Amino acid sequence: MSLGTSGVLFVVTDRFRPNPDRAAHAFCHCLPNRWHQMSVMLSAASALDWVARLTGETDLPRLVATAKARGLSRRSPFFLPYLSGERTPHNDPHARGVFFGMNADTTAADLTAAVLEGVALAFADGLDVLVEKGGAVGDITVTGGGARLPYWGEVLAAALNRPLTYRRGGEVGAALGAARLARLALSGEKPEDVCVAPSVDRVVQPDRELTPLLASRRRTFVRLYQDLKNTFVEYAA
């Protein structure tokens, strides 16, 4: 799971497993005799940066701490994280970001919590797309700048209902992977000797209370997009 400006779930597969109807990517892997699938959402950590600018908070860990203190409940606002349209699973350039359920008591912490949850629920949509075409999803390792925010990991694990593994240096995992590929190209070493998983820092398990709450809220999250799909098109016209 790459939790960067965009959000990616990357799964190595044994053969070509496309799912174009749901905007999943499927390509040759850079290593021989392998393929990969990707679900891609266009706004992930960038959505958190956006709400930070919106609320005037420049310290992301402090902003996320306020969201954690506020928490999520059945009545919390929702956020559709489609600030730049969306790819997986909607393939919809007209989709837009939406807050739903705000009232006079809504705070900046509520909006931040909604953004963290909205990105997590969109990841859950992407995971379903990969699995429905036969992708075998095992251990999920989190990489990217969003890996620096532990509470987001709790929300993500609950939304996916899967444990998430955080490894040493995971926040710069893409750079490490690129460096290893360059090493393989120059040295001729075997991939299994170079591409060794970094040591595990921690594993985040799905929270027993938060997981069923997000499963219930996800039904509304999915329905909100469906209800607004045609309106997005009309708005863009």
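Residues numbered from 1 in each chain as written. Predicted model: local features only at pLDDT ≥ 70, side-chain atom pairs only at ≥ 80, totals over all residues. Heavy atoms only, no water.

1. Side note on the overall build of the protein
Here is step 1 of the chain: Looking only at helices and strands, one finds 7 helices and 9 strands in the protein.
Here is step 2 of the chain: Against the globule reference of 18 Å for 237 residues, the protein gives a C-alpha radius of gyration of 18 Å, in line with a compact fold.
Here is step 3 of the chain: Summarising its shape, the C-alpha atoms of the protein cover approximately 60 × 40 × 30 Å along the three principal directions.
Here is step 4 of the chain: In the protein, which comprises 237 residues, the proportion classed as buried is 46%.
Here is step 5 of the chain: Partitioning the intrachain contacts of the protein with sequence separation of at least 6 by distance along the chain shows that 76% fall at a separation of at least 24.
Here is step 6 of the chain: In the form shown here, the protein has an accessible surface area of approximately 12200 Å², with 53% of it arising from carbon and sulfur atoms.
Here is step 7 of the chain: A gap of 2 Å separates the mean positions of the 27 positive and 24 negative side-chain charges of the protein. (Helix = DSSP H or I, 4+ residues; strand = E, 2+ residues; numbered from the N terminus. Rg over C-alpha atoms; globule rule 2.2 N^0.38 Å. Buried < 20%, exposed > 50% of the residue type's maximum accessible area, 1.4 Å probe, protein only. Contact = heavy atoms within 4.5 Å. Areas by Shrake-Rupley, 256 points an atom, 1.4 Å probe, with all protein chains shown as cover. Lys, Arg positive; Asp, Glu negative; His and termini not counted. Charge placed at Lys NZ, Arg CZ, Asp CG, Glu CD.)

2. Some points on the sheet that holds strand β8 (residues 164-167)
Backbone-to-backbone hydrogen bonds join strands into a sheet, with any given pair of strands oriented parallel or antiparallel.
Here is step 1 of the chain: Ordered in space as β7-β8-β9, the 3 strands form an open sheet in which the pairing is mixed. Strand pairing shows two members of the sheet lacking a second neighbour, β7 (140-142) and β9 (200-204), which therefore form its edges. Across this sheet, the average inter-strand angle for adjacent strands is 35°, counted without regard to direction.
Here is step 2 of the chain: Both β8 and β9 contribute to a ladder of 4 bridges, which runs antiparallel. Directly across from T165, in β9, lies its bridge partner V203. (Pairing = 2+ DSSP bridges. Axes fitted to C-alpha atoms, helices over the stretch in contact; angles between N-to-C directions.)

3. Focus on the packing of helix α1 (residues 45-55) against helix α2 (residues 60-70)
Here is step 1 of the chain: Remark: α1 packs on α2, axes separated minimally by 11 Å, with the N-to-C direction vectors making an angle of 85°. Accordingly, the angle class assigned to the pair α1 and α2 is roughly perpendicular. Contacts between α1 and α2 involve L48, D49, V51, A52 and T55 from the former and L60, L63 and V64 from the latter.
Here is step 2 of the chain: Per-class residue counts for the contact of α1 with α2 are 6 nonpolar, 1 polar and 1 charged. (Parallel < 35°, antiparallel > 145°, perpendicular 65-115°, else oblique. Nonpolar A, V, L, I, M, F, W, Y, C, P; charged D, E, K, R; others polar.)

4. A short note on the packing of aromatic side chains
Here is step 1 of the chain: The full count for this structure, using the stated rule, is 6 aromatic pairs.
Here is step 2 of the chain: Note on W50 and F99: the rings are 5.9 Å apart at their centroids and 20° apart in plane angle, and the pair reads as stacked. One end of the pair, W50, is in helix α1; the other, F99, is in strand β6 (residues 98-100), with 49 residues separating them in the sequence.
Here is step 3 of the chain: Relative to Y225, the ring of Y82 has its centre 5.8 Å away and its plane inclined at 85°; by these criteria the two rings are edge-to-face. Placement of Y82 in the loop between β5 (78-80) and β6 and of Y225 in helix α7 (residues 210-236) is noted, with a sequence separation of 143 residues between them.
Here is step 4 of the chain: Cluster of aromatic residues (ring-pair linked, three or more members): W50, F79 and F99.
Here is step 5 of the chain: The ring of Y166 has R202 lying over it, and the distance from NZ or CZ to the ring centre is 3.9 Å.
Here is step 6 of the chain: Stacked on the ring of F78, the Lys or Arg R217 has its end atom at 3.8 Å from the ring centre. (Phe/Tyr/Trp six-rings, centres within 6.5 Å; stacked < 30°, edge-to-face > 60°. Lys NZ or Arg CZ within 6 Å of the ring centre and 35° of its normal.)

By themselves, these figures tell us nothing about what the structure is for.
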